[in-house]
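Structural description and commentary
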Amino acid sequence: MLKNYFKIAIAVLKRRKFFTFISLFGISFTLATLLVLTSFLDKVINDEYPDAKRSRSIYVTGIEERGKGTRSSSALSLGYVNKYILHMKTPAAIAFHSMQIGTNAYHNGKKISVNYKFVNSVFWDIMEFDFLQGKPFSAQQVNSLDKVAVISQDLSDAYFGIGEPAVGKYLEVGNDKYRISGVVKNVPATAYMLNGDMYIPYTLSQDNPNEQTYFGSWNAVLLARSKSDMPLIQKEYEDIIARLPHSDKRFTKTLSNADEYLDAYMRAGNQDGKSKTWIYTALGIFVFLIVLLPVVNLVNINITRIMERSSEIAVRKAFGATANTLVYQFIVENIILTLLGGLFGLLLAQFFLWILNGAALLTNVHLTLNLTVLFTGLLICLIFGFLSGVYPAWRMSRFPIIKALKA
Amino acid sequence: MFRHLLKLIWNKKKHHLLLVVEIFVSFLVIFSLTSMLVYYYRNYMKPAGIDDRNIWQVNYYDVTKPKQIDSLRQFYAMMYQQLKNTKGIEEVSFVSNNTPYSANMHRSSVGINKRNAENTDIYEGTETYASLLGMQMESGRWYTKDDMAGKYPPAVIGVALKEELFPDKNAEGQVVKVDDTEYKVVGVVKEAKYRGDFQESGKSVFIPLDTSSLKRNTTILMKVSPAVFNDANFEGQVYKQLVSWLKGVNIEIQHLDERHRSMDRLAIIPVIILLIVSAFLIINVALGTFGVLWYNINKRKGEIGLRRAIGATGMNVNQQLIGESMVIATLALLLGCFFAVQFPLLHVFDIASSTYIIAMVLSVLFIYLLVLLCSIYPGKQAAAIFPATALHED
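Keep in mind that what you see is a predicted model, and the values were worked out from it rather than measured.

**So, the packing of helix H2 (residues 13–45) of chain B against helix H8 (residues 256–299) of chain B**
Residues and elements named next belong to chain B. At a closest axis distance of 10 Å, the pairing of H2 and H8 adopts a crossing angle of 155 degrees. Here H2 lies roughly antiparallel to H8, going by the angle between them. In the crossing of H2 with H8, the sense of the turn from one axis to the other is left-handed. Each of His 15, Leu 19, Glu 22, Ser 26, Val 29, Ile 30, Leu 33, Met 36, Leu 37 and Tyr 40 in H2 lies in contact with H8, whose residues at this interface are Ala 267, Ile 268, Val 271, Leu 274, Leu 275, Ser 278, Ile 282, Val 285, Thr 289, Leu 293 and Asn 296. Its residues assigned to classes, the contact of H2 with H8 comprises 15 nonpolar, five polar and one charged.

Here it is in structure tokens:
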């Protein structure tokens, strides 16, 4: 039966080449756009470098205090991390790191931009960086204020030369020389919470670990023993915030969240939680518009094409085909068409990605079509084919036989 | 004629509904795109107001500064002299961190009596700020050291703020309130596009750094001579010099023109992506509309044949069919304009209403043109139908 439908579908496609072209053009382009979008989202959501234990990590990215007509919001202070977060009981391990700090290195008549981050030693246990050379610095090195650094491959290539060994050598930034303890694979710019060119012990930071303010430039990552422990950690953190004294008399309300990865990612520093809804809405509207026009277009064309086949349909009806059979047949035909369009769309998407990757809009972000993306593409194809086939098929099934046979 | 066309369309309303929806959605897409393009274009045509050539921005953090007010002022005066004496550095200004093309913002309401301009950008900088950035005065002058001795500290306001606060009088000599402190306006400066070529400049006020801003100051702007601007060795020397003056500090030197370029790129990339996507959507719609119109005409051969037989010329038939498509387009556009007009009415984004109106007119014209192009060929085909063959078929 399916084989028959397939044959009919191909025959119909061959009949009016112009309409076939329009349909395929619409489908393939829509699919290509959606595939590129999926590929980007996949990079953001599913690329687990360097935080491979993401599924059982909790992220605390900031704190906000509000009072009447006033509001302060920022990342955490080192004092706050020390006093409140490091004393939490439920997490198995607690890493913290500063946000990126920009500086320059001048070497061999060249200027190199360096973004560095202060981290504690647990950071290396929770994150799973790919060490191309050397190893991370230890807790002991952190405590003894050793000037050691782990750098990215990009920085190593720029400073020491491409492919040159860097471990044990010194890199000069500011007034200090740092001994390289390891070189790691570059972190893509999409992992904006964790990327950097250079990671150094947090004890070298000027921040006072006992400072009273809550506002600073630090983030914390809390590792749960298991997935089921995550609500416990979130509960404990909520309790801490509920009991937290206000840092100033002006303030009456404190907001800070212990988030799972995606929530933290989309929060982007906003403790209100509105940005997530906003991003989802914007994305939804974009996808809706991208899909709506081609679907309406395809429905239009499909109806036109069905009218052409009125005599075929009438004959089949006359010989006893039920409305359901016809609807089923038409939807299958349409899905075959969309899958064919999907195939072209795949090639088109590969081409778009090639251009996007070539343009290097985001550093170290290489977008690819992997299995997840392909599977999403297939799903989109099926939904697309179904949506654009249902209405025309319904119209077709109610076609008056006599009128059609008369023509 | 028009009523007749409307009747014809109404008789086949179910048939035309999808076409109306398609044109309506296309209009919305085109409208959002043209709004963006018109907005960008109008901003792009305004003068930049800033000369970004040969300027370095130095960010420095974690400096231990003197606590006493007098020694703090001395600290900065000395740093200024030392930098100014360095060969290759032409001008130096200490500024707040919301420098041109940066992501930092400091906004507040600026007012006089009961009149308040909300969301005004507040820029702080020493006396050399305007000359360093090449900003032009509209009237009055920039503040100098002598102004600091007066009853009120001095301020310079942008043209947009002047228009809002003092639409029909001179701004010079007026007193405005910025963040609870009163300032005396000494000049009006031409608007400078702080957020790149494609964004509006907004309202702005420029004030000198007071003691508390000096305490938390982290940013220096330097104009250097063109010969050393891109010289990494010279930059390295200045960097080392600063590190040794300001012990235990983190320093970053950025080039203002690079930041300008990357900010413009950030603004233009989404537009390019939207442009490509919309272009394909519109090609898609155009082909679809063309196909549907073409097919409809083939189906209406009998009707057209009859019209020809009772005396309509080919031209008449052509006009009728194009007219029909135009009426369909008009219906969709009326619906579209109803939604589009909500944007300027409700002030959804902080954009001038005229931008929306221009965008709306352009989009309407574009859609008409598109529908016209799509119906020319089918119309011509219909005009070529011979009554004899057409009537013979049925």
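On we go from here.
**Some remarks on the interface of chain B and chain A**
Taken together, the 39 residues of chain B in the interface contact 41 residues of chain A. Summed over the shared surface of chain B and chain A, the number is two salt bridges. A salt bridge links Lys240(B) to Glu172(A), with the shortest nitrogen-to-oxygen separation between them at 3.5 Å. The interface formed by chain B and chain A includes 13 residue pairs in polar contact (both at pLDDT 80 or more). For the side of chain B that touches chain A, the secondary-structure elements that each account for two or more residues are H2, helix H7 (232–245), strand E11 (250–255) and H8 of chain B. Looking at which element gives the most residues to the side of chain B that touches chain A, the answer is H8(B), with 18 residues. Grouping the amino acids of the side of chain B that touches chain A by side-chain chemistry returns 23 nonpolar, ten polar and six charged.

**Some remarks on the side chain of Asn195(A)**
All names here are of chain A. Relative to the elements of secondary structure, Asn 195 occurs in the loop between strand E10 (176–184) and strand E11 (198–201). What makes Asn 195 buried here is its relative accessible area of 12%. In terms of polar contacts, Asn 195 uses its side chain to reach the side chain of Gln 100, at 2.6 Å. Not counting residues up to four positions away in its chain, the partners in contact with Asn 195 are Gln 100, Lys 117, Val 187, Pro 188 and Ala 189.

**Side note on the pattern of salt bridges**
All names here are of chain B. Overall, the coordinates contain 24 salt bridges over all chains when judged by the stated rule. Residue Glu 91 is joined to Lys 84 by a salt bridge in which the shortest nitrogen-to-oxygen separation is 3.8 Å. Look at Glu 91 and you get buried, because its relative accessible area is 16%. Take Lys 84: its relative accessible area is 30%, and that puts it in the partly exposed class. Here Glu 303 ties to Arg 300 by a salt bridge, and the two come within 2.8 Å at their closest N and O atoms. When its relative accessible area of 28% is taken as the criterion, Glu 303 is described as partly exposed. By relative accessible area, which is 16% here, Arg 300 ends up buried. Connected through shared salt-bridge partners, Arg 300, Glu 303, Arg 307 and Glu 324 make up one network.

**A word on helix H12 (residues 371–397) of chain A**
Since the α-helix turns once every 3.6 residues, residues separated by three or four places project in the same direction. The end-to-end C-alpha distance of H12(A), which contains 27 residues, comes to 37 Å, matching closely the 39 Å that a straight helix rising 1.5 Å per residue would cover. Along its length, H12(A) shows its largest kink, about 35 degrees, at Val390(A), and proline Pro392(A) lies within four residues downstream of that point.

**A few points about the UniProt feature "domain: ABC3 transporter permease C-terminal" (unreviewed entry) in chain B**
In the UniProt entry, the feature "domain: ABC3 transporter permease C-terminal" (unreviewed entry) is given for residues 276–383 of chain B. Secondary structure within residues 276–383 of chain B divides into 89% helix and 0% strand; the distance between the first and last C-alpha atoms comes to 36 Å.

**Looking at the domain arrangement of chain B**
All names here are of chain B. Taken domain by domain, chain B consists of domain 1 (2–46 + 263–393) and domain 2 (63–248). Its C-alpha centre places domain 1 at a distance of 52 Å from the equivalent point of domain 2. Tallying the contact residues gives ten residues for domain 1 and ten residues for domain 2. When the two sides are added together, the surface that domain 1 and domain 2 hide from each other amounts to roughly 1,000 Å², 56% of it contributed by carbon and sulfur.

**Focus on the packing of aromatic side chains**
What describes a pair of aromatic rings is the distance from one ring centre to the other and the angle between the planes of the rings. Going through the model one piece at a time under the given rule, you end up with 50 aromatic pairs over all chains. Here Tyr49(A) and Phe129(A) contribute two aromatic rings whose centre-to-centre distance is 6.0 Å and whose plane-to-plane angle is 75 degrees, an arrangement assigned as edge-to-face. Of this pair, Tyr49(A) sits in the loop between helix H2 (17–46) and strand E1 (57–60) while Phe129(A) sits in the loop between helix H4 (122–126) and strand E7 (131–134), placing them 80 residues apart in sequence. A relative accessible area of 8% means that Tyr49(A) is categorised as buried. Residues Phe75(B) and Tyr76(B) carry aromatic rings whose centres are separated by 5.3 Å and whose planes lie at 85 degrees to one another, so their mutual orientation is edge-to-face. An aromatic cluster is defined as three or more aromatic residues linked by ring pairs; in this entry it consists of Phe21(A), Phe25(A), Phe29(A), Phe351(A), Phe352(A), Trp354(A) and Phe280(B). Above the face of the Tyr261(A) ring, Arg54(A) is positioned so that its terminal group lies 3.6 Å from the ring centre. We note Lys185(A) situated over the ring of Tyr49(A); from NZ or CZ to the ring centre the distance is 4.6 Å.

**A short note on the domain arrangement of chain A**
Residues and elements named next belong to chain A. Taken domain by domain, chain A comprises domain 1 (2–47 + 276–406) and domain 2 (62–256). In this complex, domain 1 contributes eight residues to the contact, which on the side of domain 2 involves six residues. Overall, the association of domain 1 and domain 2 removes approximately 490 Å² of surface from exposure, summing both partners, and the carbon and sulfur fraction of that is 61%. There are zero salt bridges connecting domain 1 and domain 2. At the boundary of domain 1 and domain 2, one finds two residue pairs in polar contact (both at pLDDT 80 or more). Here the side of domain 1 that touches domain 2 is composed, by residue class, of four nonpolar, two polar and two charged.

About the thresholds
- Residues numbered from 1 in each chain as written.
- Chains lettered and ligands numbered in written order.
- Predicted model: local features only at pLDDT ≥ 70, side-chain atom pairs only at ≥ 80, totals over all residues.
- Heavy atoms only, no water.
- Axes fitted to C-alpha atoms, helices over the stretch in contact; angles between N-to-C directions.
- Helix = DSSP H or I, 4+ residues; strand = E, 2+ residues; numbered from the N terminus.
- Parallel < 35°, antiparallel > 145°, perpendicular 65-115°, else oblique.
- Left-handed = near helix turned anticlockwise from the far one by under 90°.
- Contact = heavy atoms within 4.5 Å.
- Nonpolar A, V, L, I, M, F, W, Y, C, P; charged D, E, K, R; others polar.
- Salt bridge = Lys/Arg side-chain N within 4 Å of Asp/Glu carboxyl O.
- Polar contact = N/O pair within 3.5 Å; in protein donor to acceptor, adjacent residues only side chain to side chain.
- Buried < 20%, exposed > 50% of the residue type's maximum accessible area, 1.4 Å probe, protein only.
- Expected span 1.5 Å × (residues − 1).
- Bend = angle between axes of the 7 residues up to and from the residue.
- UniProt positions renumbered as here; feature names shortened; annotations may be inferred.
- Domains from an automatic or database assignment.
- Buried area = accessible area lost by both parts, 1.4 Å probe.
- Phe/Tyr/Trp six-rings, centres within 6.5 Å; stacked < 30°, edge-to-face > 60°.
- Lys NZ or Arg CZ within 6 Å of the ring centre and 35° of its normal.

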